[in-house]
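# A structural walkthrough
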Amino acid sequence: MIHRSSGVLLHISSLPGDYGIGSFGQEAVEFARQLHGCGFSFWQTLPFTTTDQYNSPYTSYSAFAGNPFFIDLPSLGRQGLLTDEELAANRYPTPYAVDYGWLRKTRDKTLRRAFTRMGPGLKEQVEAFAAENDFWLPDYALFIALKGKYDEKAWMDWPDKEIRMHEPAAVEAARAELADEVLYQEFVQYLFFSQWKAVKKEINDTGIQMIGDMPIYVAQDSADVWSNRQMFDLDKSGRARQVSGCPPDYFAADGQLWGQPIYNWDYMKETGYDWWMNRLGFALRTYDMVRIDHFRAFSSYWSIPGDAVTAKEGRWVKGTGLDFFNRVWTIFGRDVPIIAE
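In every chain, residue numbers begin from 1 and rise along the written sequence. Side-chain atom pairs in this predicted model are given and counted only at pLDDT of 80 or more, local residue features only at pLDDT of at least 70, and totals for whole chains, interfaces and linings cover all residues. With hydrogens and water excluded, all non-hydrogen atoms of the structure serve as input to the side-chain values.

## A word on the overall build of the chain
Rules: Secondary structure elements follow DSSP: runs of H or I no shorter than four residues count as helices, runs of E no shorter than two count as strands, and numbering proceeds from the N terminus. It is over C-alpha atoms that the radius of gyration is taken, and the globule rule equals 2.2 Å times the number of residues to the power 0.38. The rule is simple: take the accessible area with a 1.4 Å probe, protein chains only, and divide by the maximum for that residue type; under 20% is buried, over 50% is exposed, in between is partly exposed. Here a residue-residue contact requires only that any non-hydrogen atoms of the pair lie within 4.5 Å.
The secondary structure content of the chain amounts to 13 helices and nine strands. Scaling as 2.2 N^0.38, a compact globule of 341 residues should have a C-alpha radius of gyration of about 20 Å, and the chain matches this with 21 Å. Taken across its 341 residues, the chain has 52% of its residues classed as buried. Of the contacts made within the chain by residues no fewer than 6 positions apart, 71% connect residues no fewer than 24 positions apart.

Right, here's the structure in full:
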């Protein structure tokens, strides 16, 4: 039975914050209290993932990893990971603006200082978190470390063919070479998700449930595609043969050319949609409900040649349909809290 209810869409970044962006601090809990006081039941956010050059979370380096900018710095101060002076240096002139350029220059340096103060107990927690999330975190952490090594180039342009192709021996060698950087990236993700878990409990305690947002596609330059090439329609160099988008309509004469690689649904089916089940399970543990963006692509999707100039060159292709959701219902039950966009 569906009960009538209402909510508000507000991304974490839009909360007022003293450190250049909204975060998982008490501002999030206070907003939830205000929502409850107004009679709302739900708070919907945008994806928690990292943003692209246009500051959008819909094209991210990972379908799983959280945006480090949302980590609450005062909480790190209370943990002894940051000093009062470092917190003061990270304060932004106004709590009512987001400055991504400033954050990119300052936030990573600050989190690296916190990393230098990680004691043995915290390190054990980080390692346990990495083990619990071994279906995405090791590859993501190494992917980001490798992007740093290769001057932030897209993985398709990395000079080492073996690591570009995600050859097991090359991956293990790179993991050993970049062990400190990999651990740092795992540390950052541990901070993100441990803070969110604590804050979400406080939000739920106010009577508000969280709705997360999941883009149906993932970026070409992502840890997901780099480490799972067989799941996507790619050529031998790793570039997408077919990409995502929408056909022309009254609002866009050329259609919309999004550019993310199309899934290899035949392979997905052969593997029991395992990657998708991991993705959904992770999202359902992160939020109370999950909205899947561009849900209609499960029925049919607009497939555009990878070298196309506009989306007009695309065609409709039948999606995976009920076969996918039969697997979802087997794993998560018929009452899985998913919202179709």
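This is not the end of the story, as more comes after the structure.
## Details of the sheet that holds strand β2 (residues 42–44)
In plain terms, the rule: Between any two strands, pairing holds if DSSP finds at least two bridges. For helices, the axis comes from a line fit to the C-alpha atoms of the stretch in contact; other axes are also lines fit to C-alpha atoms, and the angle between any two N-to-C directions lies between 0 and 180 degrees.
Ordered by their spatial adjacency, five strands build an open sheet running β1-β2-β3-β6-β9, and the pairing between neighbours is parallel. With one partner strand each, in any of the chains shown, β1 (7–9) and β9 (338–340) form the two edges of the open sheet. Strand-to-strand, the axes of this sheet are offset by a mean angle of 25°, without reference to chain direction. One ladder, built from three bridges, connects strand β6 (residues 289–293) with β9; its direction is parallel. In the sheet register, Val-290 faces β9, and the bridge partner there is Ile-338. Each of β3 (209–215), β6 and β9 touches helix α12 (residues 274–286); the most contacted strand, β3, lies at about 150° to it.

## Observations concerning the sheet that holds strand β5 (residues 256–261)
Across the sheet, which stays open at both edges, the four strands sit in the order β5-β4-β7-β8 with antiparallel pairing between neighbours. Two strands close off the open sheet at either side, each with one partner strand: β5 and β8 (315–318). Each neighbouring strand pair of the sheet contributes to a mean axis angle of 50°, computed without reference to strand direction. Of the strand pairs in this sheet, strand β4 (residues 242–246) and β5 are connected by three bridges, and their pairing is antiparallel. Looking at the pairing, Val-243 lines up with Pro-261 of β5.

## Points about the environment of Ala-128
Its location among the elements puts Ala-128 in helix α5 (residues 120–132). Each C-alpha atom, one on Ala-128 and one on Tyr-190, is 9.5 Å from the other, the two residues being 62 residues apart in sequence.

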